[in-house]
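# Architecture at a glance
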Amino acid sequence: MEDYRVADIGLAGEGEKLIRWAEAHMPVLMKIRGRFSDERPFEGIRIGCCLHVTKETAVLIRTLVAGGAEVALCGSNPLSTNDAVAAALAEGGVHVFAWRGQSRDDYYWCIEQVIGHGPSLVHDDGADLIATIHERHGGLLDRITCGFEETTTGVLRLKAMEEEGVLGFPIIAVNEARTKRLFDNRYGTGQSVVDGIMRATSVLLAGKTVVVCGYGWCGRGIAMRARGLGARVVVCEVDPVKALEAVMDGYRVMPLSEAARLGDIFITATGCEKVIRREHMELMKDGAILANAGHFNVEIWIPDLEELAVGKEQVKPCVEAYLLPDGRKLYLLGEGRLVNLVCADGHPPDVMDMSFSNQALCAEYAIKHGGELEPRVYLVPEEVDMAVAKLKLEALGVRIDELTPEQEAYLASWRLGT
Ligand SMILES: NC(=O)c1ccc[n+]([C@@H]2O[C@H](COP(=O)([O-])OP(=O)(O)OC[C@H]3O[C@@H](n4cnc5c(N)ncnc54)[C@H](O)[C@@H]3O)[C@@H](O)[C@H]2O)c1
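Residues numbered from 1 in each chain as written. Predicted model: local features only at pLDDT ≥ 70, side-chain atom pairs only at ≥ 80, totals over all residues. Heavy atoms only, no water.

## Re the pairing of strand β5 (residues 146–149)
In β5, alternate side chains face the same way, and those of C146 and F148 on one face and G147 and E149 on the other are all buried. Inspection of the sheet shows strand β4 (residues 121–124) paired to β5 by four bridges, in the parallel sense. Opposite L121, over in β5, you have C146 as the bridge partner. Crossover β4 to β5 through helix α6 (residues 128–136) is right-handed. Bridge count for β5 against strand β6 (residues 171–173) is three bridges, and the pairing is parallel. (Buried < 20%, exposed > 50% of the residue type's maximum accessible area, 1.4 Å probe, protein only. Helix = DSSP H or I, 4+ residues; strand = E, 2+ residues; numbered from the N terminus. Pairing = 2+ DSSP bridges. Right-handed = clockwise from strand over helix to strand, strands pointing away.)

The following block contains the structure:
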């Protein structure tokens, strides 16, 4: 078996600098790393990770290594790997199987390498690693103590496995921690998706009509940041409560069949497939820009775009123009994959500090309590979520109030009314 496979190991020096930069902005995870170095909770443990190979992920991987783990890592998207970071990790002894621009076969080959490494803990983002273990390596299920899932789409897939009764080991849904999705999905995605669109296209957002499909945690963040830059934001939803929330947050809400004619920029963040499809593309303005923030490249239905188009041209990195028979052009960013990771650097380190601290602490929790867990999808333990929030506040130098014993008693009592 190979030790690693990356695009160019010569990029390690550049990757090292990026990782240092991320470390300087991830104080909570670095504090956890310090403790792990002393306590070595993962001594002799093999950990398999399928995560976007970014500088922030490198900080997590090195934290697990500091805790004694031997780690194998592959990317969780064929286009999201930072080759310099992958090289730096590989040079430091991590079994990295990742490079930017993979075919589907490459992608699954890398996942197989991580599985071949024999992990007993697995960190996943989108559940491709965990699903592959279940589909192709059923014999390994008993050897895995616990899995950890980073994103909404992955959690949905794993819950579906639990419901079907096929889940073979416990999962902790890291995405569901409040210190993860309230910040990562909202502020992280909000900022980095807009960053990705701006880096790829350099268009002015002020005065543009931005259509956001999905008003969940990611959609809220994207809508908020696009509005902050002066865009007129239209929200499309299928959930009446979320739609109402968008209305009261001050956005126009309408079906995509109406918004399709108005939008200059369309951004999907639903976790659903075929959200933007032929019937919408047929109505769009010449020059409309299409970007996806959801986990898989199924939200903008590319087969429809391919079928509709009479020609296709790469107009700049990350931007493909699809020429329609009537002369209109629609621009697809980053091949319809996560625009923030493909066209920019992904989430800021400050926010991944919390997401990956949850990952690290959940791994430690699984080492201590794995034996008590059943093959189900668990929420992040409250003590982990709270520990991350407290450490982040501490790192930010923010102090908060504490309940007095009298207030605690009041809040726990039903006796006191008007
Ligand atoms: N780009 C990133 O870095 C990043 C970060 C976090 C999450 N994600 C991914 O983004 C997606 C959304 O995550 P989230 O945490 O916001 O989920 P969420 O469940 O909070 O929100 C999704 C929203 O989309 C709506 N929706 C579903 N199908 C729809 C459709 N056909 N049309 C319109 N609206 C629809 C749902 O009603 C819901 O309100 C997931 O795939 C998740 O894995 C990406």
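Back to the text.
## So, the side chain of D125
By secondary structure assignment, the location of D125 is in the loop between β4 and α6. Buried D125, no salt bridge; nearest opposite-charge side chain is K180, N-O distance 6.9 Å. Residues within four places of D125 in sequence aside, it is in contact with C50, L51, H52, S76, E149, E150, T151 and H295. (Lys, Arg positive; Asp, Glu negative; His and termini not counted. Salt bridge = Lys/Arg side-chain N within 4 Å of Asp/Glu carboxyl O. Contact = heavy atoms within 4.5 Å.)

## Quick notes on the site of the ligand
By nearness alone, 26 residues border the ligand, and T151, T152, T153, E237 and N340 come closest of all. Contacts to the ligand include C218, whose backbone N or O atom sits 2.8 Å from an oxygen atom. Calculation on the ligand without its partners gives an accessible area of 860 Å², and the protein chains cover 86% of this total. Contributing elements (two or more residues each) for the shell around the ligand: α7 (152–164), α8 (178–201) and α9 (217–228). Of the residues that constitute the shell around the ligand, the class distribution is 10 nonpolar, 13 polar and three charged. (Near = heavy atom within 4 Å. Polar contact = N/O pair within 3.5 Å; in protein donor to acceptor, adjacent residues only side chain to side chain. Areas by Shrake-Rupley, 256 points an atom, 1.4 Å probe, with all protein chains shown as cover. Nonpolar A, V, L, I, M, F, W, Y, C, P; charged D, E, K, R; others polar.)

## Looking at the sheet that holds β4
Strand order in the open sheet made by the seven strands is β3-β2-β1-β4-β5-β6-β15, with parallel pairing throughout. Of all the strands in the sheet, the pair left with one neighbour each is β3 (95–97) and β15 (377–379). Ignoring which end each strand starts from, the neighbouring axes of this sheet average 20° apart. (Axes fitted to C-alpha atoms, helices over the stretch in contact; angles between N-to-C directions.)

## A few points about the environment of H134
Here H134 is to be found in helix α6. By relative accessible area, which is 16% here, H134 ends up buried. Each C-alpha atom of the pair H134 and G168 lies 7.3 Å from the other, and the pair is 34 residues apart in sequence. Here H134 is in contact with L141, M161, V166, L167, G168 and F169, once residues within four sequence places are set aside. Within the structure, H134 has its side chain in polar contact with the backbone oxygen of I130 (distance 2.8 Å).

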